[in-house]
Amino acid sequence: MSLTLEVNNLTVRYGRFTALENIHLELQPHTTLGLVGESGSGKSTLARVVAGLIAPAEGQIRLGSQPLTMKRSREQRKQIQMIFQNPDASLNPKHTVRTILSDALLFHHIVDRREALNRCKELLARVQLDASALDRYPHQFSGGQRQRIAIARALSVEPSLLIADEPTSALDVSVQRNVLELLSSLKAELDLTMLFISHDLGVIHAISDTVAVMRQGKLVEVSPKEQFFARPEAAYSRELLSAVPQMPKLYTGGLHGANGKNI
Ligand SMILES: Nc1ncnc2c1ncn2[C@@H]1O[C@H](COP(=O)(O)OP(=O)(O)OP(=O)(O)O)[C@@H](O)[C@H]1O
Ligand SMILES: [Mg+2]
């Protein structure tokens, strides 16, 4: 079940440096929030603090009616899953894909041991990998395939919220689009709730329902996607948009993958 994510008055500091300042944000179930902003603006910091990987200096995070602190129950850890820029961050190189996926399933009591193999196969099919992947190790796959495995692992535990932090920017350009198309179709099929971080406004346009813009640790705009691209509120948003020369063409025609589907 998806729940509303609420971030209130959130501040994160690294020593004396304030990386996030007084962030307020609401993410509705079954919608995707696209988070943009220049390098160092605090996007990954927001992802990490929501995922419980770092502690805030101030403020609260809630998922549904539950406050999320640094001490999270197993159920709470399950609820928020993350896909990183580098898939290796979530794949143990010593484990086969079968172990990677079934460990997550069993740890979070999604299925019992008897059902685990079938569920692993279903998960691989969902990310368009062959069942023969089960007995192989991460290094035996390409970067794009490893990211698919990381996506399967994240989805295996049926999270309430999926956070994707630039999930394709470490991949070869040729496979970036395939992975984005996969995420976009999974979003539609599974009605996912996502926090999607990207530098690429084309990708943000294709996948987001709402766009949030961060600058120097502050949110400067949160707008419905169509509004953001047609009538950005913040001067900084206009600056970001004007830096992309092919914007008008992209946004009237949409982005089309090889199969003609919007990505
Ligand atoms: N562990 C850390 N210790 C100290 N400073 C950090 C740490 N992690 C990030 N920072 C600083 O906090 C700021 C925000 O970093 P963050 O990684 O959240 O930015 P970002 O928006 O994700 O950037 P990018 O687009 O390059 O990924 C940056 O100035 C960064 O140098
Ligand atoms: Mg980052």
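Keep in mind that this is a model prediction, so the values were computed, not measured.

As for the pairing of strand β3 (residues 32–36)
- Taking burial as the measure, the five residues of β3 include five buried ones, the bulk of the element.
- Every second residue of β3 is oriented toward a common face, with Thr32, Gly34 and Val36 on one face and Leu33 and Leu35 on the other, all of them buried.
- Summarising the sheet, β3 and strand β8 (residues 194–197) pair through four bridges and their orientation is parallel. Directly across from Thr32, in β8, lies its bridge partner Met194.
- Taken together, the four bridges between β3 and strand β9 (residues 210–215) define a ladder with parallel strand orientation. Within the sheet, the bridge partner assigned to Gly34 lies in β9 and is Val211.

Considerations on the site of ligand 1
- Surrounding ligand 1, one finds 14 residues, the nearest of these being Ser39, Gly40, Lys43, Ser44 and Thr45.
- Within the side chain of Ser39, a nitrogen or oxygen atom sits 2.5 Å from an oxygen atom of ligand 1.
- Between an oxygen atom of ligand 1 and a main-chain N or O atom of Ser41, the distance comes to 3.2 Å.
- Here ligand 1, which alone exposes 630 Å², has 61% of that area covered by the protein.
- The set of elements that each furnish at least two residues to the shell around ligand 1 consists of β2 (17–27) and α1 (43–50).
- Sorting elements by how many residues they give to the shell around ligand 1 places α1 first, with four residues.
- Tallied by class, residues from the shell around ligand 1 come to three nonpolar, seven polar and four charged.

Details of the packing of helix α3 (residues 97–107) against helix α4 (residues 113–126)
- As a packed pair, α3 and α4 sit with axes 9 Å apart at the nearest point and diverge in direction by 120°. One finds that α3 runs oblique with respect to α4. Two packed elements cross with a definite hand, and for α3 against α4 that hand is right-handed. For the pair α3 and α4, the contacting residues are Val97, Arg98, Leu101, Ser102, Leu105 and Leu106 in the first and Arg113, Ala116, Leu117, Arg119, Cys120, Leu123 and Leu124 in the second.
- Split into classes, the residues belonging to the contact of α3 with α4 amount to nine nonpolar, one polar and three charged.

A word on the nonpolar core
- In terms of nonpolar packing, the biggest core is built from 48 residues, with Ile151, Leu162 and Phe196 touching the most fellow members.
- Tallying contributions element by element places helix α5 (residues 143–156) first for this core, with six residues.
- Setting aside its immediate chain neighbours within four residues, Phe196 contacts Thr32, Leu33, Gly34, Leu35, Ala164, Pro167, Leu180, Leu183, Val203, Ile204 and Ile207.
- Membership of the second largest hydrophobic core comes to 27 residues, among which are Leu20, Leu33, Val50 and Ala212.

Quick notes on the environment of His139
- By secondary structure assignment, the location of His139 is in the loop between α4 and α5.
- On the accessibility criterion, His139 (61% relative accessible area) is exposed.
- Through-space distance from the C-alpha of His139 to that of Leu91 is 9.8 Å; in sequence the pair is 48 residues apart.

Digging into the pairing of strand β1 (residues 5–14)
- Where β1 meets β2, seven bridges bridge the pair, whose relative direction is antiparallel. Bridge pairing in β2 places Glu6 opposite Glu26.
- Taken together, β1 and the strand that follows it, β2, pair antiparallel across an intervening segment of two residues, in which Gly15 is found at a positive phi of about 60°.
- Bridge analysis of β1 against strand β4 (residues 58–63) gives five bridges, and the strand direction is antiparallel. Bridge pairing in β4 links Val7 to Ile61.

Points about the packing of aromatic side chains
- Overall, the coordinates contain one aromatic pair when judged by the stated rule.
- When the ring centre of Phe107 is taken as origin, the NZ or CZ atom of Arg74, which lies over that ring, is 4.1 Å away.

Calculation notes
- Within any chain, residue numbers begin from 1 and follow the written order of that chain's sequence.
- Here chains are named by letter from A upward and ligands by number from 1 upward, in the order in which they appear as written.
- Residue-level local features of this predicted model are given only where pLDDT is at least 70; pairs of side-chain atoms are given and counted only at 80 or more, and the full residue set underlies all totals for whole chains, interfaces and linings.
- Hydrogens and water molecules were not included; the side-chain quantities draw on all heavy atoms of the structure.
- Partly exposed describes any residue whose relative accessible area lies between the buried limit of under 20% and the exposed limit of over 50%, with all areas from a 1.4 Å probe on protein chains only and scaled to the type maximum.
- Only runs of H or I of at least four residues qualify as helices and only runs of E of at least two qualify as strands under DSSP, and these elements are numbered from the N terminus.
- A strand pair is defined by DSSP finding two or more bridges across the two strands.
- Near, as used in this document, describes a residue that has one of its heavy atoms within 4 Å of the molecule or strand being considered.
- Nitrogen and oxygen atoms within 3.5 Å of one another constitute a polar contact, given that in protein one can donate a hydrogen and the other can accept it, and given that sequence-neighbouring residues count only through two side-chain atoms.
- Note on areas: Shrake-Rupley, 1.4 Å probe, and residue coverage restricted to the protein chains presented here.
- Think of it as three bins: nonpolar holds Ala, Val, Leu, Ile, Met, Phe, Trp, Tyr, Cys and Pro, charged holds Asp, Glu, Lys and Arg, and polar takes everything else, Gly as well.
- Fitted lines through C-alpha atoms give the axes, limited to the stretch in contact for helices. The angle between two N-to-C directions lies from 0 to 180 degrees.
- Between 65 and 115 degrees an angle is taken as roughly perpendicular, under 35 as roughly parallel, over 145 as roughly antiparallel, and anywhere else as oblique.
- Helix crossings get a hand from a simple test, with the near helix turned counterclockwise from the far one by less than a right angle marking a left-handed crossing and a clockwise turn marking a right-handed one.
- Working rule for contacts: check all heavy atoms of both residues, and any pair within 4.5 Å makes them a contact.
- Buried Ala, Val, Leu, Ile, Met, Phe, Trp, Tyr and Cys residues form a nonpolar core when they are joined through side-chain atoms within 4.5 Å.
- Note on aromatic contacts: the rings of Phe and Tyr and the six-membered ring of Trp form a pair at centre separations within 6.5 Å, being stacked when their planes are under 30 degrees apart, edge-to-face when over 60 apart, and tilted otherwise.
- Criterion for a charge above a ring: Lys NZ or Arg CZ within 6 Å of the ring centre, and within 35 degrees of the ring normal.

Note that every value here comes from positions in space, so none of it alone points to a role or purpose.
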